[in-house]
Amino acid sequence: MRKVLVLTETKEKKLRGVSQEVLTAAQRIAEGGEIIAVAIGSEATHYAHLLGIYGANKVYILGNEELDVYTTDAYTQALQQVFDEVQPEAILLPHTAIGKDLAPRLAARLRLGLVSDVIDVQMEDGEVIFTRPIYSGKAFEKKKVVSGIPFATVRPNNIPVKENKVTVEIVRYPVEIKDLRTIVQDVVRKTAGGVDLSEAKIIISGGRGVKSVEGFKPLLELAKVLGGAVGASRGACDAEYCDYSLQIGQTGKVVTPDLYIACGISGAIQHLAGMSNSKVVVAINKDPEAPIFQIADYGIVGDLFEVVPLLAEEFKKVLVNS
Ligand code: FAD
């Protein structure tokens, strides 16, 4: 039995799906021990009680104003204070923009080893074993932390969420934040609303084959019908058909949706690095030799400007009747 500390996150006042996955991973490690969740910022009170559904026995609400917007310094100070108070035997953070930045800083501060971007967590012979992809998702390695306690960041959309309803104790825990070296004046979002790419269950992605900004319109329409998000290859971003915030791949976002529809994307290794672990891949390309077909579960050889609107139309009929 272990005491596990977990950081949870919200977005636009809603609990992010990855928070539930991190709590599920914590259930496996805790093996009946205590799960302590940290909920940060003034929104925390709105969702803290929900964390008990996913196994959190205790929620520490850190409501300091300085934590409303993420800064490495403030969050490191805050989590270190919770760590000192709780003395956990394992720590899990979401592998989000915040988790990716915070975890190494915290690991250095606490002198712990860290396994980042894990897609699975299992107990083997009483030890916590993390699985993470390597070589751009071509292979997987199993790792354990040998310096200090198990500490990892968990990639969204990989651990099936398991409920384990427990009574949750909510603790308001004021932390002391001082000597901040940076202050965020304002946050300007590039994309407003819509489905978050890194947590989307369905992604319609466009490549250089979409040919223009206008060419993305049928993809946006299909995404709307399916309730998915739109992504892109770097080819499409470099050609200025869309914003770089949509880029998927080695130097873009890594995604693991249930369904990935690649439209006019050749399937370069750097693109596959960001999406090859999607559960089902559908490729639409007019070149039957395009490498994307080698990793696709379903392939449609054809012109995306004919195929994508047809798919949208057919899905609309099916979804309206279901
Ligand atoms: P292309 O390779 O030009 O493919 C376009 C495809 O569209 C073709 O297969 C063509 O047959 C098809 N097509 C054209 N018209 C139609 C039509 N009407 N209907 C259907 N199909 C059509 N790339 C990424 O995506 N993400 C990354 O993160 C990334 N990081 C990189 C990092 C480095 C260091 C380097 C060197 C490269 C990186 N790249 C990345 C670039 C990558 O190597 C490719 O150049 C890029 O992925 C190609 O994009 P594309 O498939 O859209 O374009």
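Residues numbered from 1 in each chain as written. Predicted model: local features only at pLDDT ≥ 70, side-chain atom pairs only at ≥ 80, totals over all residues. Heavy atoms only, no water.

Chemist: Looking at this structure, I do not really get a nonpolar patch on the surface. What am I missing?
Modeler: Together, V69, V184 and V187 line one region of the surface with nonpolar side chains, adding up to about 200 Å² of accessible area. Mapped onto the secondary structure, V187 falls in the loop between β12 (169-172) and β13 (202-206). What makes V187 partly exposed here is its relative accessible area of 46%. (Patch = residues over 30% accessible without salt bridge, like charges linked within 9 Å, V, L, I, M, F, W, Y side chains within 5 Å. Areas by Shrake-Rupley, 256 points an atom, 1.4 Å probe, with all protein chains shown as cover. Salt bridge = Lys/Arg side-chain N within 4 Å of Asp/Glu carboxyl O. Helix = DSSP H or I, 4+ residues; strand = E, 2+ residues; numbered from the N terminus. Buried < 20%, exposed > 50% of the residue type's maximum accessible area, 1.4 Å probe, protein only.)

Chemist: How should I be thinking about the site of the ligand in this particular structure?
Modeler: Neighbouring the ligand are 26 residues, the closest being R208, S233, T251, S266 and N285. Between the ligand and K211, the relevant distance is 3.0 Å, taken from a nitrogen atom to a side-chain nitrogen or oxygen of the residue. Residue K286 places a main-chain N or O atom 3.2 Å away from a nitrogen atom belonging to the ligand. Notes on the ligand: free accessible area 990 Å², of which the protein chains cover 76%. Counting only elements with at least two residues in the shell around the ligand, the list comes to α6 (234-238), α7 (269-275) and α9 (304-321). Per-class residue counts for the shell around the ligand are 5 nonpolar, 15 polar and 6 charged. (Near = heavy atom within 4 Å. Polar contact = N/O pair within 3.5 Å; in protein donor to acceptor, adjacent residues only side chain to side chain. Nonpolar A, V, L, I, M, F, W, Y, C, P; charged D, E, K, R; others polar.)

Chemist: What exactly am I supposed to notice about the domain arrangement of the chain here?
Modeler: One frequent convention defines the size of an interface as the accessible area lost when the parts assemble. Split into domains, the chain comes out as domain 1 (4-172) and domain 2 (197-321). Between the C-alpha centres of domain 1 and domain 2 the distance comes to 31 Å. Contacts between the two partners involve 12 residues from domain 1, matched on the other side by 12 residues from domain 2. With both chains or domains summed, domain 1 and domain 2 bury close to 980 Å², and 35% of this area falls on carbon and sulfur atoms. Among the ionic pairs, R16 bridges to E199, the shortest N-O distance being 2.6 Å. Where domain 1 meets domain 2, there are 9 residue pairs in polar contact (both at pLDDT 80 or more). The residue makeup of the side of domain 1 that touches domain 2, split by class, is 4 nonpolar, 5 polar and 3 charged. (Domains from an automatic or database assignment. Contact = heavy atoms within 4.5 Å. Buried area = accessible area lost by both parts, 1.4 Å probe.)

Chemist: What's the story with the packing of aromatic side chains in this structure? I'm lost.
Modeler: For the structure on display, the rule yields 2 aromatic pairs. Ring geometry for Y60 against Y173: centres 5.1 Å apart, planes inclined by 65 degrees, an arrangement best described as edge-to-face. Separated by 113 residues along the polypeptide, Y60 in strand β5 (residues 58-62) and Y173 in the loop between β12 and β13 bring together distant segments of the chain. The exposure class of Y60 is buried, given its relative accessible area of 5%. Ring centres 4.7 Å apart and planes at 75 degrees place the aromatic pair Y70 and Y75 in the edge-to-face group. As far as the burial class goes, Y70 and Y75 line up, both buried. (Phe/Tyr/Trp six-rings, centres within 6.5 Å; stacked < 30°, edge-to-face > 60°.)

Chemist: Help me understand α9, please; the structure alone is not making it clear to me.
Modeler: An α-helical segment advances 3.6 residues per turn. Residues three or four places apart therefore align on the same side. Taking 1.5 Å per residue as the helical rise, α9 with its 18 residues ought to reach 26 Å, and the 25 Å between its terminal C-alpha atoms agrees with that figure. Regarding α9, the residues found buried are L304, V307, V308 and A312. Buried residues of α9, seen end-on, are gathered within an arc of 135 degrees and therefore sit on one face of the element. α9 presents E306, V320 and N321 as exposed residues on the side facing more than 90 degrees away from its buried surface. Against α5 (217-226), β15 (259-263), β16 (280-285) and β17 (298-301) lie the buried residues of α9. Taking the backbone nitrogen of F305 as reference, a side-chain oxygen 2.9 Å away marks D303 as the first, capping residue of α9. (Expected span 1.5 Å × (residues − 1). Arc of directions from axis to C-beta.)

Chemist: What exactly am I supposed to notice about the nonpolar core here?
Modeler: Across soluble globular proteins, you tend to see nonpolar side chains buried next to one another. In this structure, L92 and F130 are the most contacted members of the largest nonpolar core, which totals 32 residues. In terms of nonpolar packing, the next biggest core, distinct from the first, is built from 31 residues, I36, Y70, A74 and V82 among them. (Core = buried A, V, L, I, M, F, W, Y, C linked by side-chain atoms within 4.5 Å.)

Chemist: Just checking my understanding: could you explain the packing of α5 against α9 for this structure?
Modeler: Two numbers describe a pair of packed helices, the interaxial angle and the distance between the axes. Between α5 and α9, whose axes approach to 9 Å, the crossing angle comes to 20 degrees. Taken together, the axes of α5 and α9 lie roughly parallel to each other. Once α5 is placed against α9, the crossing between them reads as left-handed. Two secondary-structure elements touch here, α5 through P218, L219, E221, L222, V225 and L226 and α9 through L304, F305, V308, P309, L311, A312, F315, K316 and L319. (Axes fitted to C-alpha atoms, helices over the stretch in contact; angles between N-to-C directions. Parallel < 35°, antiparallel > 145°, perpendicular 65-115°, else oblique. Left-handed = near helix turned anticlockwise from the far one by under 90°.)

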